Amino acid sequence: MSLQSGLDALKEKRYQEAVELLEQFCRNCAEHDSSDYLSAQMWLMKAYQATGEIEKAKALCQKLIMSENPQARSWAEQASKSLRQTPSNASQKAGRAATTGMKLAMGGVGGSLALASGVTMTLLFGMVLALGLSLVFILGSDNPLQGLAIAIGITLVFNIAAFFLSPFLMDLTQGWLYQTRWVELAEVEALSPETAKVIRQVCEQKKLKTPRLGIINDQNPTAFTYGSLPNSARLVVSQGLFTYLDDDEIATVYAHELGHIVHWDFAVMTVASTLVQICYLIYSTARRFGRGGGDSKIKDAMQTAALVAYVFYVIGTYLLLYLSRTREYFADHFAAESTGNPNGLSRALVKIAYGILEEGSRTQEPSRLIEGTRALGIYDHKAAASTGTAYRIASDTQKIGRVFLWDMFNPWGRWMELNSTHPLTGKRVRALSNYAEQLGLPTEFDMGRVIGEGKSLNKSRLYGNFFLDVVLYGAETIGFFVGLVIGVILWSNSPNTGLVLGAPLIGLGIGILIKALVMFPDYKQAPETDILTLMSDPYASPLRGQPAKLEGQLIGRGDAGYKFGSDLKIQDRSGMLYLHYASRFGPIGNFLFGMKRVQSLIGEQVGAVGWFRRGVAPWMDLIQLQSENGTVVNSYHRFWSFILGGGSIILGVVLTMFLSSR
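Residues numbered from 1 in each chain as written. Predicted model: local features only at pLDDT ≥ 70, side-chain atom pairs only at ≥ 80, totals over all residues. Heavy atoms only, no water.

**As for the pattern of salt bridges**
Any two side chains of opposite charge can pair, so long as their charged atoms come close to each other. Using the criterion set out here, one finds 15 salt bridges in the structure. Here Arg614 makes a salt bridge to Asp407, at a shortest N to O gap of 3.5 Å. Here Arg614, found in strand 8 (residues 605-614), pairs with Asp407, found in helix 18 (residues 404-409); they are 207 residues apart in sequence, far enough to count as distant. This pair shows no difference in class: Arg614 is buried, exactly as Asp407 is. Glu417 serves as the salt-bridge partner of Lys427, at 3.0 Å between the closest nitrogen and oxygen. One end of the pair, Lys427, is in helix 20 (residues 425-438); the other, Glu417, is in helix 19 (residues 411-417), and ten residues separate them in sequence. (Salt bridge = Lys/Arg side-chain N within 4 Å of Asp/Glu carboxyl O. Helix = DSSP H or I, 4+ residues; strand = E, 2+ residues; numbered from the N terminus. Buried < 20%, exposed > 50% of the residue type's maximum accessible area, 1.4 Å probe, protein only.)

**With respect to the nonpolar core**
Among the nonpolar cores identified, the biggest contains 69 residues, and Leu241, Tyr254 and Tyr379 are the most heavily contacted of them. When near neighbours in sequence (up to four residues on either side) are disregarded, Tyr379 contacts Leu349, Ile352, Ala353, Ile356, Ala384, Thr387, His422, Thr425 and Arg428. (Core = buried A, V, L, I, M, F, W, Y, C linked by side-chain atoms within 4.5 Å. Contact = heavy atoms within 4.5 Å.)

**Examining helix 23 (residues 475-492)**
With 18 residues, helix 23 ought to run about 26 Å at 1.5 Å a step, and its terminal C-alpha atoms sit 26 Å apart, in line with that. Within helix 23 the residues assigned to the buried category are Ala475, Gly479, Gly483 and Gly487. Buried residues of helix 23 fall within an arc of 95° about the axis and therefore sit on the same side. (Expected span 1.5 Å × (residues − 1). Arc of directions from axis to C-beta.)

**Observations regarding the packing of helix 9 (residues 193-205) against helix 11 (residues 247-262)**
Orientation of helix 9 relative to helix 11, taken along the N-to-C sense of each, is 25°, at an axis distance of 7 Å. Here helix 11 runs roughly parallel to helix 9, going by the angle between their axes. Where helix 9 crosses over helix 11, the handedness of that crossing is right-handed. Two secondary-structure elements touch here, helix 9 through Pro193, Glu194, Thr195, Val198, Ile199 and Val202 and helix 11 through Asp247, Asp248, Ile250, Ala251, Tyr254, Ala255, Leu258 and Val262. When its residues are assigned to classes, the contact of helix 9 with helix 11 shows ten nonpolar, one polar and three charged. (Axes fitted to C-alpha atoms, helices over the stretch in contact; angles between N-to-C directions. Parallel < 35°, antiparallel > 145°, perpendicular 65-115°, else oblique. Left-handed = near helix turned anticlockwise from the far one by under 90°. Nonpolar A, V, L, I, M, F, W, Y, C, P; charged D, E, K, R; others polar.)

**Remarks on unusual backbone geometry**
Although it is not a glycine, Lys207 adopts a positive phi angle of roughly 55°. Considering the arrangement of structural elements, one finds Lys207 in the loop between helix 9 and strand 2 (212-216). One non-glycine residue, Trp264, lies in the positive phi region at around 60°. As for its placement among the helices and strands, Trp264 is situated in the loop between helix 11 and helix 12 (265-291).

**Quick notes on the pairing of strand 5 (residues 546-557)**
Counting buried residues along strand 5, nine of its twelve residues qualify, which places the element largely inside the surrounding structure. Pairing geometry for strand 5 and strand 8, over eight bridges, is antiparallel. Bridging from a neighbouring strand, Glu551 pairs with Gly607 of strand 8. For strand 5 and strand 6 (residues 568-572), the ladder comprises four bridges, and the chain directions are antiparallel. For Gln553, the partnering residue across the bridge sits in strand 6 and is Gln571. (Pairing = 2+ DSSP bridges.)

Written as structure tokens, this is what we have:
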């Protein structure tokens, strides 16, 4: 695709065509320092302006301002002046409070921070104490588990040292991995005047030193904080935050991160994670003692203690995740109170998702920054696809709000959230809308309408499918044990030992096949649709595949940091979605496909057929890809399910017949 064809389309005012041609040229251009590439970027910015995609134009302009080419940099600085005066195609902003510092009731959102921290710490301390005492009483000697005591002591010393040294170690890794640049408050003020005002105000009110401020030269918008004590905290953001967010929205993000500092979040989380580590250490030690020789009663008791310790470790892990989610809610609440602008933070969360999606569409590899700071960042990038897709094309906030239905009403959302460090976006936006209402403000997203629509959803379909799907997740295990029980019952009435061995295998195979039929239903009549429509489905499931056909362009790999990844990203006019590929030859086939074929497919316009699924991140299990030039790629997600299921049944029948004949 030539640069000239894109320029011709732009001159003839075929703006949408110009965007597509110039985007494709930029993706295919290997030399990003070449004059042709920079020209394409500049004209692409103009094309974005002409199509009303102002956020994209601003993001591209900011990139050009950071260019090492002085001519491109000068041109972008001039162009940015006109962009500031150009409205985006998003709806008008909801307002903010005239004053800051008003107390806002959380209305049960996130519970009580002190209670959550206190209960979590108490339970974790209690678990560790109970496990320690139980091991002492089990051994009943004058010198019980000296090795365990030493190990726990070393763990405590290590974690205390890590607590105080980790900020300096993270400074080093930040500089090495992301080239973090430490800046003064004056530089932040030049980029966002309101942010500097918020930092000064919060630090003065809470009697804190100004955090050490860092900026990472990466256009993926994110922000995070770390440290050991509030007065030694670091607050780091990416350059993308200033690209995609407006001044007041940037200030709310900084206020959110300041909330983590004020609440001592990193200190509390460090102590809590240390206790969880000790639970695991006790489990591994008790298990090792339980395997040794000696008194069988002590061995049995140690094995029991190991089991209890492991249960405590699992419970502790989920308590830690719950505490992390609670602290996100309270940091949002702090930002709303300290800025008087909960709508600004709602917009910021949605725009961050949009920015992550946009940057992902411009690169063939997922961002190392976003992947590496997932737990630290203000936003879980796994949830960005649905929210960012809606913001990308929505001309009104109702369309954006509808993608939050899954977050708030689908039981799979609650299930998935249990394993997440961040609350689902829809729940955070709903809480922020509640704060806006308390301040007497119109809300940025009409969550009342969204909640009303959610209440009208078919509950039997939502929960009936969910409970059935949970059972189906364990269909193989259930089939195996049902087969075992049936085999034992039949064996008790017959001398055929083959029943005991064959029936469980038959049950296992039947379970695999039933699960496969639900996960991968018939796709011959798969409807043609778009990505936003799929993401707006409140009934979507991670197990129950939804057949669909998409038309779009392959824009890169979906495997983070994996050069030969086999997964792909497809983009249509409404959004971006990950495609999961499966070779009939298993992992080796996936590797060879990623190594030999993926690169040649990137940039191609394709038709894709697959099964759509929705978790925290939505994706599609690929069935077939067909490019415009006739290339066909087949994917085999059902293949191994049918092979394993059918093979297990055949083996079970053969065993039963063979042993019965003896």
